[in-house]
Structures are given as C-alpha cells and as structure tokens.
Amino acid sequence: MSSPAREESKGESGQAKEGAAKGDDVESGGGRRPACALEMEMTSRSLRGNSKVDCDGLINRNGGDSTEVSVSLTLPGKRVIPMEGDNLYRLRDRKFLLEDKKRLCALALGTALLGILLMIIHAEMCPFVYPPGSNVAFIINCSISLSTGCLLILILAFHYKDIRLFISDHNQVDWRIAMTSHRVLVITLELLVCAIHPVGTYWEVGHPVNSSSSAPLCVSRIHGDALMDMELLLSVLMFLRLYLVHRAILLHSKVLLNASYRSIGSLNNINFTFRFVLKVLMNKYPARTLLVFILFFWLTASWMLTLCERQTQASTGHIDTALWLIAITFLTVGYGDVSPNTNCGKAVCLFSGVMGVACTAMLVAVVTKKLALNKGEKHVHFFMLDIHFSKRIRHAAANVLRECWLLHRTNLTKGNRREHRRHQRCLLEAIRVFRHLRLKQRKLRDYASEMVDLPKMQMIMCDLSANWNNSYRELEQRIISMEQNLDELSRCFQQTSELLSQVLCHRNTEIR
C-alpha cells in the first residue's frame, strides 16, 4: 500500500510532465505562452487569493486568436504563504513612507512658522503703518488664513502617511483598525490647535476707520472690547503651533534614522520618542541645547507680554521693558520695579517663572556633570590622596613613638612635673592625630572600593568562571583516566588469577 505522500509526489510529477508537454506544444504553436507566463509572474506579486490573469491582449498582440485565457494563481482552499520578496517590498514602502512623513512634517513646521511670522508682522505694523480694515490688513489676514488652511492639509496628509505606515507594519490590516480613539483624539486636537488664528480683520472690512483710534491691536473699538480680547487670545494661542518642533526634531534626528540605533533599541525594548532624543541631545550638546531653548523662550515670552500689555498703555507694553521683566522673572530675582497689569501678562510671567526654575535645575545638573571628575581622574586623585595619607600616618606614628620615648625618659630621669605633663599632652595629641588620619584613610579606601566598575567585576567573574570550568574539565578527565586504569588493573588481576589457576592445575596433574 503506497503512502499519500508518494501518491501526491507522483501526481505533482505527472502534472509537471503534462505542463512541460503543453509548454512544448505552445512554443511550437507560436511562442505565446512564455510571454503570458511572464506577465502572470509579474502580476502575482500584487494579487492574492483566487486571482486571474487575462492574456487576451497579449495573445492578440502576438498575432493569435482572441480566446480568453485565465489562470488561477492560487489553488482554492490553500493558504497564501508570503514570499521573501514581499518583505523586501514592505521594507521599501516603509522607507518611502518615513521619508514622506519627514518631508510633510518639515513643510508643516515651515507653514506654521510662516503663519506666526505673518501674525507678528500684522500685530506690529497694523495700528501704526496701516489702519484697521484697510486692504493691506485684509490681504495679510487672508495670507494667515491661507497658511492655516495649508497647515491643516499638511497635518491630514501626515496622519494619512502615519496610518499607511501602521498598515504596512501590521501586514496589510484594515485602515479602520488604525483609527483608535486615541489617534482620533490626537488628530482632532491638532486640527483645532492649528486652526487657531486671528480673524478680527474680517469684521473691520466695510466699516469706517477712525484715524484717532488708539487700539493696541489691528482691531478698532467699533465692536467693543470683546473683539479685541478675542483677537488677543487668538494671537497668543497661535504659538501652540510650535508643538511641531518636537515632531520635526524626532523625525530628523540621527537616532531615528540610524539602523544600528533602531536594532539595538528594539532588542532592549526602548521606544524612540522625543524624550529619548532630548536626553541624547542633553548628553551630547547640553550647553548648546539649553542656550537655544532659553533664548527662544525669552524672545517669545517678551513679545507675548508686550502684546498683552498694550491695552493698558503701560511701560511693560514696550519690548525693552518686557525683555527686562521676563529676564528677572525667569531668573526668579524679581526686583519689583516693573510688574504686569493685565491677566494675560500675569499668566505669561507666571509661566516664565516656572520655566525659569526648570531651566535653572537643568543648568545646575549640566554644570555639575561638567565639573565632576571622570573615572580615570577619580582613580588618579584617590591614588594620590592615599599616598599622601600614608605619608602623614607614618609621620604621625613617628611622633607617637617620639613622645612615648620622651615621656619614658622623663620618668627615668625623674624631671619636674611640668615637663612630664607637657610630654603627656603631646603624646595624647599625637595619638589623636594618628587616629584621625587612619579614619580618613579608611573612609577614602571605602569610597574608592565603591567605585569599582561593574564591567571590571564582570570580567573578573568571567575569568573565575572560565578557570573553574577548566578545572572541572581537567578533574573529569583525571577521573576518567583513573577509571580506565582501574579497569585495566582489574582485567590484569583477572588474567593473573586465571594463569595461576591454570598453573596450579597443571602442577597438580604432574604430581599425581
């Protein structure tokens, strides 16, 4: 009885022979089959399941009849096994999607900065260069709105690429699986934040402009203070678009682009987030990173303070006074010569104080790290201190012996009591100095022993383990050799006993 595997192999070999015979017939008929097979092979990478390949056009081009030829790429009921080329195509698509995400993020950040720059120009020039409601103000506000629309489109395109990357990483799952509640919430918040921009100029179109109006923003007082407060709030909230900076830093960092970083990080379960990239930057370029952040925050907070304080016509509405106020608030000095008057200005100063405390803590940590000795310097320093303490201990021990001898000589010569008490005091002082130096040397050696690095200890333990393994192998070999020698001795004893028995038997027969 033949096994099923053999029957199946025979059936496959028979099918292969029939296919070869049919291929010979087709080649003899006009050479149309190889071209169709080539097209089938090219399209089989993109088709799954019971896909069909139509060869009508190809046969017609080759001059044959117009009979439809459709061939099933996969057998029904069989599971499609992914080929090695599919993984290569997925890696290529993933690389292209990452490049698109990086490009879209850079464009979104540039568009956001352009909108903020136009808003600053509009807020600085409108009350003084051109009046509210003029054509120039309308054009600039339309430009801000246009940049906001482009930014929203770029944000949507970025998240579209992110969803496609998720689908590619999870083996072509449905896109609705990627739309979790967290992702939907993040996309909605980003769109709301990026959609914020001042729109007060649109209410000014068509209204008469009062040239004597002293409005601090590009909004006249026709609609009251509510529109001015709304314009101020929207202008300040436009700086929330700067959240795109951390995304751009993450996508353009060498940590994310380096394959070695990603491989080692995946083995150690490390997520490459902005926090990890910020830690790397603070370790590599601490002073440069802090300096750039502090200068950017100082200028931004100062301008926001001037924007908030323009309503009161106070001295804090000028940029020089605002720079001074933000600086002393950031450094937590607070001389009290100037102070904010509006609630918006107070909020800006409060936020500046909190950021100042955080940056001061980071600056102290960076300076401490820079001033700390490295491992080699610590070893050299502690070694020299140990030598210095050893010398001082020897001198202190010599002083103790000298004072003991002087005290003993004073007792032998029976000198006066005054000299005797003086030598006793000197002896007690020498003993105290000797004990103090011994204690300091013990503390130094304890601290130096704690500095033994783990790699060195691991290397020592590995050497000990290797030596133990070698000794164990040698012991096993000796035991095996002893067992062999014992077996040999037992065999020799057995042969000797047999020879003796034979000799005794032979002698007995001779004696008889």
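Look up a bit, the structure's there.
Residues numbered from 1 in each chain as written. Predicted model: local features only at pLDDT ≥ 70, side-chain atom pairs only at ≥ 80, totals over all residues. Heavy atoms only, no water.

1. Some remarks on the overall build of the protein
Turning to step 1, where the next piece is worked out: Within the protein, the regular secondary structure consists of 19 helices and 2 strands.
Turning to step 2, where the next piece is worked out: Buried positions account for 28% of the 512 residues belonging to the protein.
Turning to step 3, where the next piece is worked out: Looking at the protein as shown, the accessible area adds up to about 35,200 Å², and 62% of this sits on carbon and sulfur atoms. (Helix = DSSP H or I, 4+ residues; strand = E, 2+ residues; numbered from the N terminus. Buried < 20%, exposed > 50% of the residue type's maximum accessible area, 1.4 Å probe, protein only. Areas by Shrake-Rupley, 256 points an atom, 1.4 Å probe, with all protein chains shown as cover.)

2. What about the pattern of salt bridges?
Turning to step 1, where the next piece is worked out: For the structure shown, the criterion picks out 13 salt bridges.
Turning to step 2, where the next piece is worked out: Its salt-bridge partner being aspartate 93, residue arginine 92 comes within 3.9 Å of it at the nearest N-O pair.
Turning to step 3, where the next piece is worked out: What makes arginine 92 partly exposed here is its relative accessible area of 42%.
Turning to step 4, where the next piece is worked out: One continuous salt-bridge network, built from bridges that share partners, spans Asp100, Arg103 and Lys161. (Salt bridge = Lys/Arg side-chain N within 4 Å of Asp/Glu carboxyl O.)

3. Here we look at the environment of phenylalanine 389
Turning to step 1, where the next piece is worked out: By secondary structure assignment, the location of phenylalanine 389 is in helix α17 (residues 375–413).
Turning to step 2, where the next piece is worked out: Separated by 52 residues in the primary sequence, phenylalanine 389 and glutamine 441 place their C-alpha atoms 6.2 Å from one another.
Turning to step 3, where the next piece is worked out: Residues in contact with phenylalanine 389, not counting those within four places in the same chain, are Leu437, Lys440, Gln441 and Leu444. (Contact = heavy atoms within 4.5 Å.)

4. Section: the layout of surface pockets
Turning to step 1, where the next piece is worked out: Estimated volume of the largest pocket: approximately 1,200 Å³.
Turning to step 2, where the next piece is worked out: As for the largest pocket, its lining consists of 34 residues, and the residues nearest its centre are Leu242, Phe293, Phe296, Phe297 and Met355.
Turning to step 3, where the next piece is worked out: Of all elements in the fold, only α4 (84–125), α5 (135–169), α7 (181–194), α10 (244–251) and α11 (254–257) reach the threshold of two or more residues within the lining of the second largest pocket.
Turning to step 4, where the next piece is worked out: Per element, the largest residue contribution to the lining of the second largest pocket is 7 residues, and it comes from α4. (1 Å grid on protein atoms, 1.4 Å probe; cavity = no way out; pocket = protein on both sides within 12 Å on 5 of 7 lines; lining within 4 Å. Points joined across faces, edges and corners; volume = space filled by probe spheres on them.)

5. A look at α17
Turning to step 1, where the next piece is worked out: Over its 39 residues, α17 runs 57 Å from end to end, which matches the ideal 57 Å to within 8%, given 1.5 Å per residue.
Turning to step 2, where the next piece is worked out: Buried within α17 are the following residues: Phe382, Asp386, Phe389, Ser390, Ile393, Ala396, Val400, Glu403, Leu406, Leu407 and Thr410.
Turning to step 3, where the next piece is worked out: Just past α17, the residue lysine 414 takes up positive phi, approximately 50°. (Expected span 1.5 Å × (residues − 1).)

6. Looking at helix α16 (residues 343–371)
Turning to step 1, where the next piece is worked out: With 29 residues, α16 extends 42 Å from end C-alpha to end C-alpha; this agrees with the ideal 42 Å at 1.5 Å per step.
Turning to step 2, where the next piece is worked out: Along α16, the residues classified as buried are Gly345, Val348, Cys349, Ser352, Gly353, Gly356, Cys359 and Val366.
Turning to step 3, where the next piece is worked out: Each element contacted by the buried residues of α16 is listed here: α13 (274–284), α14 (286–309) and α15 (319–330).

The quantities given are spatial measurements derived from coordinates; they are silent on function.
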